[in-house]
Structure formats: structure tokens, C-alpha cells
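Next come the chains, spelled out residue by residue.
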Amino acid sequence: MKKVSLVQLKENHKAEVVEILGGGNLQDKFMGMGLFKGKEVTKLSHIGLKGPVVIKVGRSILALGHSIALKVMVEVEE
Amino acid sequence: MKKIYLIGNPNVGKSVVFSRLTGVQVISSNYPGTTVEIGRGELLLGQEKVEVVDLPGIYSLEASSQADEVALSLLNEHPKNEIAVINIVDSTNLERNLLLTLQLLEQGFPVVVCLNMCDDAVHRGVHLDTAKLEELLNVPVISTCAVTGTGIKLLIGRINQARPAVREKLDNQGRWALIGTIIEQVQKLEHRHHNLREVLEDASVRPVTGLVMAAGIIYSAFKFVRFIGESIITNITDPVFCNFYQPILEKMTGYWQEKGFWFHLLIGDLINGKIDFKQSLGVLTTAPYIEFGMVLPYVVAFYFILSLLEDIGYLPRLAILLDNILHRIGLHGYAIIPVLLGFGCNVPGILSTRVLESRRERFIASTLISIGVPCVPLQAMIFGLLGGFGGFYVAGVYGVLFSLTFILGLVLNRIMPGYSPEFLLEIPPYRFPSLEMLAQKLYFRVKGFLIEAVPVVLAGICAINILLYFKLFDALTAVFAPIINGVFGLPKEAVVALAIGFLRKDVAVGMLMPLGLSAKQLFISTTLLAIFFPCVATFIVLWKELGFKDLVRSTLLMIVISLLVGAVLNFMVLR
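Cut-offs applied
For every chain, the first residue of the written sequence is number 1, and numbering continues from 1 onward in sequence order. For naming, the first written chain is A and the first written ligand is 1, with later ones following in the order written. Where totals are concerned, whole chains, interfaces and linings use all residues; where local detail is concerned, this predicted model gives features only for residues with pLDDT of at least 70, and gives and counts side-chain atom pairs only at 80 or more. Strand pairing is assigned whenever DSSP detects at least two bridges linking the two strands. We count a stretch as a helix when DSSP gives it H or I for four or more residues in a row; a strand needs E for two or more, and each element gets its number in order from the N terminus. Working convention: axes come from line fits to C-alpha atoms, limited for helices to the stretch in contact. Angles between N-to-C directions cover 0 to 180 degrees. Contact between two residues is assigned when their C-beta atoms, built from the backbone, lie within 7 Å. Amino acids outside the nonpolar list (Ala, Val, Leu, Ile, Met, Phe, Trp, Tyr, Cys, Pro) and the charged list (Asp, Glu, Lys, Arg) are all regarded as polar, and Gly is one of them. An angle counts as roughly parallel when it lies under 35 degrees, as roughly antiparallel when it exceeds 145, as roughly perpendicular when it falls between 65 and 115, and as oblique in every other case. Take the far helix as your reference; a near helix turned counterclockwise from it by less than a right angle gives a left-handed crossing, and one turned clockwise gives a right-handed crossing.

## Some details on the sheet that holds strand 2 (residues 14-20) of chain A
With antiparallel pairing, the seven strands of this open sheet are ordered in space as 1(A)-6(A)-2(A)-3(A)-4(A)-5(A)-9(B). Two strands bound the open sheet, and with one partner strand each, they are strand 1 (2-5) of chain A together with strand 9 (424-427) of chain B. The sheet shows a mean angle of 40° between the axes of neighbouring strands, taken without regard to direction. In the sheet, strand 3 (residues 40-46) of chain A pairs with strand 4 (residues 53-57) of chain A via five bridges, with the strands oriented antiparallel.

In C-alpha cells:
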């Protein structure tokens, strides 16, 4: 297993969140939206050239700006 | 009971429930952050009138932004036993919404849970056991569909049963675990194939298909606005003005022997012995024609298309696609929403920059909107006047404004300290817009336009005519004519029109109509009107939102830039 960020996760792939880097404020915000360690997410798309990443968490669709997406680490098989 | 608070996650339909409860019409749309101001209204509960407060959406009771703090401080204004909280929940996404519900219960608020958008949930194959949820939460749970009004009566009937439920206090991890078990007991998902709506939802957030869709949607939106606007003008307003109103006025003028001050004020100048709505400049002739015959049709057309896109839920998807570009000018994708609202009228556009996080972003967005985003009344006049010379010129004005906005954004992003924050945004599902809600929203916006515009236009034309009659503009003209003529290549009469731009931009273009300007002169003057000083309403809202210092900064920028652009256009681009 390998730890990568949401930016590196391939489109249409599912993965489990293992770590959220960054400050408590961001963690709280994610927590409120239902994204936290242990949650399974599906990456829907990534708008190229440092654009946002779109993921599905539970029944919600979230769009994360590029540098925020870099802070959400998920585990994928090598 | 002193107050009822409506609280819930962003974009669960709080404002629609609020309108249903109080009869107070507020704008609601299918994207998070529509409500930037706190809505207040009253509900008759038995014999008692109770104030209802519509709070902006929040995800959690742990404040993470300034807007959250405002909502929370309002919620704690009164002792808990004197209020009721209606927790509005999106039935299609119960899991995410329950975190806030549990927090409200743990803190001892008397709560009624309102499972909103229950019809949409059924469409999406989500079935909720309301009775079971009520048992698990130990507070009343009512399912509603606020858009159609289903369940609202039941909700009102049970507000009195709002009660605190004693719960053990958990941390967020614990709450999410508990929510998992609640969901298992109350929610059943029907497995079904992707329908067209879901395919489109998906396609619009992917790079290639998304951009193709965006280009198609923006192009057709623009075409539709023009088509609807033109159709109203040729089929409704022009016939009414020419075949009905003009004969009445002409009969009136026929009895008018002495063509003195009052004639000048009310009718204006006769062109070849006849009233010309575009050139006479009277309070009864040109003033109503500008507002009702030229601007109103486009206001209706624009707000119809904008409201449609809002209610479908397309705008946040546009935000994703444009995030990249907007980052270069110091904003992020969500800034597209204030910009689009600004195309209707700069005032609501600037107000909605509150959805942006930092002061820096708000300054950049507000300044760019007041410089580079022409409002519908101004655009309608540009179409009406410059369109006569060919679409090329109209496109040219947009081209100049667009490039200017982009360049200015790049520069501001460079020179202003700080950086542009990233967005974290929930993308709503597409919803089929309710025709009733759409019609209400359109009516509300058009009414707002008429109330704000008509008195100003009438008073404005009245004041202009008095000043012109007594030749009081001559001093102003004498001072500014050298600049207007020397730098911009415009005749000295245009000074008055540009000055009127501070009052209203559509009237200002109206003042240009009788001057017989060339295409080049019209191009320069309308572009200048867009960039130059904001109109007085925008000016006030800029002051309120940015403070005096930033207002001055923003205004200075506008003046310098319009001088520059006017001169460049006059001497270098158009010859």
C-alpha cells in the first residue's frame, strides 16, 4: 500500500482517507462536511493545470481547490 | 416562544422554507451561499406572532468562518427555553446533515427536524423512515417539500412540540459513528441505473465534457437573452409605445400652444415636428421609453435565464471549471457567482462577494465587477444603440471590458499582499426547477429593478432637463470639454452624459442618443461609461462592503483606467 494525495489518485478510483495534513481549521471544515480519516472517497475528476479535484464522499460531491486536495492523503495499492 | 430559527447545512432549502413560513419573499437558488443576509419574517403561531430568522447555512456548530460565527451568535441571543430551532435537513443526503442535528441536540436546543426535499429523495431512490428517525432522535421529525409546500402545515403544527432531547456528549468521530448506525436503521437505498440527470451531473465536472458543456451553455444563454429581449421589444413594447402611447402624447402636444419650460420638461424636443422616443429627452417621452422600451425587456430576459441556471444547479459546476483562470486574478472559482449576479446589477453582485473568504478577494472581486462587468440596463442600451452599427462593435465593447478585467486582475493579484485562498465547495445535484418558484423569483427581481430604477430615471431626466433649460451644465461642460474632446475624441455635449453615468448608466447612454455620434465615438463613450465611476447605488454598496479607504482606492483605479483606456482606444485602436 502506498500513501498518495487526492491529486495523484486516479480518476474513478476509490480509496480510504488515511491522513489530512494542514491546520485544525481545515480538519474541522472537512469534519463538518463528513470527510475524515477512515472515510472512503471516490475521485470523479481533476481539472488539469492545477485545477480543482472533484470527489464523492458518501452522497455528497465535493470540489477541492488544488492545494487543498494535496493535503488529503489516501491509501492505494501499488 | 420568542423566536424561531431556521438552521441547516448550506443549500438544503432554508430560504424556501422561510418564504413558506413567513410569506416573505427571499431569493433562493440551488447553490450554497445564496443567503448572505439574515432573513427575518413573522409567523402566526396560534394567537402569537413569532419572529422567524433564516440563518446562513453552516455545517457544524464549531465556527470555522466569519459567516458561521454570525449565525452562531444569533442562535445564542436568547435563552434556549424561549426559542425553537427548525433544523432543516436535505433528505437526499441525510448522513451529512445529521452531524449538525446531533450537535444541536447535545447543546440542548429545542429542535424540530424538517426533512426537506423529500420528493427529490424519492426520485433518487432514497427512502427514509421518518417515524424511526423521530424515535432515535427523540424530537419531532417532519418530512416536507418546501418548493411545492408539501408538509409545511404539518411543520407549523408541530413547532410547539420542539423540545430539547438529552443526549450524551460525543466528539465528532463519535458522532459520525453514531450517524452511521442511525442511517442503517432509517435509510433504504434503491439500486438503480444511472439516469440522464446523473450522467449530465457527472459530465459537467469532467475537464473535456465539462468545458464543451460550459461553452454551449454560456453561448446559448447569451443567445437566449438576446432572443427573448428582442422578441419582447419588437412584439410587445415597441408596438405599445408607437401605436398606443405616441398618438396620445401627440394629441396632447397638439393642444399645447406655448412650447416653454413645461413642454421642454415633459415632452422635450420635437424631431422633425414629431416626438422621437429616442431623442426627445422628455420626462414623458424618452424616460419611460428607456426604462420600459429598451431596458426592461432585457432585464426580464436576463433574470429568466440566470434564475433558470441557478435553480438547475449549474453555477457551482462552472465555478470548478473556471477555478484555474480565476486563480490567476487573485480569486477562486466561486467568484464566478458574484460576477454573474453583477451582470444583472452590480449591487447584488458586490453584496454576494461575501461568499469569498478574505478581504483581499472581496476587494479584487468588487473592483473588477464595478469596472469590467456592465449591468443589464447598460448592456441593453449598448445593444440598442451600438447594435445598430453592427454586432462587431458590441462584441468589441465586451472584448475590451473582458481583457481589461483580466489584465487588471493579474496586476492586482501581483501587487496586493496576500494570496488567493482555495475553495472547498459542495456541488449540489441538478434539480428540475419548479416553474412556480422560477416565476416568483423572476417577478421579485423585476419588481426590485422597477422600484429602484423608475423613480431615479424619472427624477434624473427631470433634473437634467431643468439644468439644461437653465444652461447650468455649461460650466461643467466648459471645464471637462478639453479632456472629453482632446483625449477621448467626443463632442463636448457628451460631458453631461458621462456625468449622468454616476446616476444611472442607462440614462447616461440615453443622453448620448440625440447627439448623433459616430460608431467610434459611441464605442468609446459606452466603454467609458462601463469602466468609469460606478453608479450611485454601486458606490454606496462598495462603501458599505469595503469601507471608505478601499472605496477611494477602488474609485481612483477606475478613473485612472478609464482615462487610459479612452485615450488608447481613441488614438491607437480605432481610427
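## Some words on the interface of chain B and chain A
Tallying the contact residues gives 27 residues for chain B and 28 residues for chain A. Taken together, the elements giving at least two residues each to the side of chain B that touches chain A come down to helix 3 (94-106), helix 7 (172-186), helix 12 (315-328) and strand 9 of chain B. Considering only residue class, the side of chain B that touches chain A consists of 11 nonpolar, eight polar and eight charged. Here four bridges tie strand 5 (residues 60-64) of chain A to strand 9 of chain B, and the two strands are oriented antiparallel to one another. Looking across to strand 9 of chain B, one finds that Ala 63 of chain A is bridged to Leu 425 of chain B.

## Focus on the packing of helix 15 (residues 359-372) of chain B against helix 17 (residues 391-415) of chain B
Residue and element names in this part refer to chain B. Remark: helix 15 packs on helix 17, axes separated minimally by 10 Å, with the N-to-C direction vectors making an angle of 155°. Between helix 15 and helix 17, the angle falls in the class roughly antiparallel. The handedness of the crossing between helix 15 and helix 17 is right-handed. In this structure, helix 15 uses Ile 364, Leu 368, Ile 371 and Gly 372 to contact helix 17, whose residues at the interface are Leu 401, Phe 402, Leu 404, Thr 405, Leu 408, Gly 409 and Leu 412. Taken together, the residues of the contact of helix 15 with helix 17 sort by class into eight nonpolar, three polar and no charged.

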